[in-house]
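Okay, here's what each chain looks like letter by letter:
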Amino acid sequence: MNISVFIVNHVQVNCYLLWNGKGSDAIIVDPGMCDAREREAVNRFIADNELRLKSVLLTHQHFDHILSASYMASEYGVEVCASVADNLLGEHLPQQVAQFGLPYRCEPLTVTHNLKHGDMLELNGENIEVIGVPGHSPGGLAFYLAESGCVFTGDSLFRRSIGRTDLPGGNEALLIDSVRKRLLTLPPDTVAYCGHGDATEIGEERRTNPYLFC
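So, a few notes on the structure that sits alongside this text. (Residues numbered from 1 in each chain as written. Predicted model: local features only at pLDDT ≥ 70, side-chain atom pairs only at ≥ 80, totals over all residues. Heavy atoms only, no water.)

Scanning the model with the defined rule gives 1 cavity of 30 Å³ or more in all. When its volume is computed, the largest cavity comes out at roughly 30 Å³. Around the largest cavity, the lining residues are T59, H60, H136, S137, G140, L141, T153, D155 and S156. Looking at the lining of the largest cavity, its residues break down into 1 nonpolar, 7 polar and 1 charged. (1 Å grid on protein atoms, 1.4 Å probe; cavity = no way out; pocket = protein on both sides within 12 Å on 5 of 7 lines; lining within 4 Å. Points joined across faces, edges and corners; volume = space filled by probe spheres on them. Nonpolar A, V, L, I, M, F, W, Y, C, P; charged D, E, K, R; others polar.)

The structure is reproduced here in structure tokens:
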């Protein structure tokens, strides 16, 4: 699986594009592009590689990860796939943006495909397992590609850290329990692509993450 990353908006979110080569199907994870310039960079990449975008996947619905979710869904005629447990966040996207005093213009987000722990998706013949990781937000998800040896963790797990839990719906004890039971149990050489910052490996986080010592 090819993984292209676009670092977007003022919060430096990692937006991921998953694809298998020129002319293949593709999925975008956490399209947080905040303006026309950032959206055009992604659109140009999709066009240059003749990709067919199949869906928008959201690890959670905090504003910085979803600013262009509705745009991408409309532009490419695809569904917005996320946990409905986070829908209150998406429905109040403009209020989230205003809370942080940012100048983004946006509309409430509507999720059109509910994802649950244990669901299976598919891209170019490879399975994508949906893993529920609540705690950073009520509907936090991760997306695991066993064949490619990688997992997209959103803001649940970072390199030597975990997501913040001081926003509405956050629960630190639940997040730590979720990460321990559902992410740290993946094979140790699994690459974790995080919502912000550098990628890491599950084995490294088992050994070195100070929030997750068991």
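Moving on, we get to the packing of aromatic side chains. Within this structure, the stated rule accounts for 6 aromatic pairs. Arranged with centres 5.4 Å apart and planes meeting at 85 degrees, the rings of W19 and F45 form a pair that is edge-to-face. On the criterion of sequence distance, the pair formed by W19 in strand β2 (residues 13-19) and F45 in helix α1 (residues 36-48) is long-range, its members being 26 residues apart. W19 gets classed as buried once you look at its relative accessible area, which sits at 11%. Between F63 and F100, the ring centres sit 5.1 Å apart and the planes meet at 35 degrees, which makes this aromatic pair tilted. Linking F63 in helix α2 (residues 63-66) with F100 in the loop between α5 (93-99) and β6 (113-114), this pair joins segments that are 37 residues apart in sequence. (Phe/Tyr/Trp six-rings, centres within 6.5 Å; stacked < 30°, edge-to-face > 60°. Helix = DSSP H or I, 4+ residues; strand = E, 2+ residues; numbered from the N terminus. Buried < 20%, exposed > 50% of the residue type's maximum accessible area, 1.4 Å probe, protein only.)

A rise of 1.5 Å per residue sets the reference length of α1, with its 13 residues, at 18 Å; its end C-alpha atoms lie 18 Å apart and thus fit the reference within 8%. The inward-facing, buried residues of α1 abut β1 (2-8), β2, β3 (25-29) and α3 (69-76). After α1 finishes, the residue E50 shows a positive phi value of roughly 55 degrees. (Expected span 1.5 Å × (residues − 1). Contact = heavy atoms within 4.5 Å.)

Worth remembering: the numbers are spatial, not functional.
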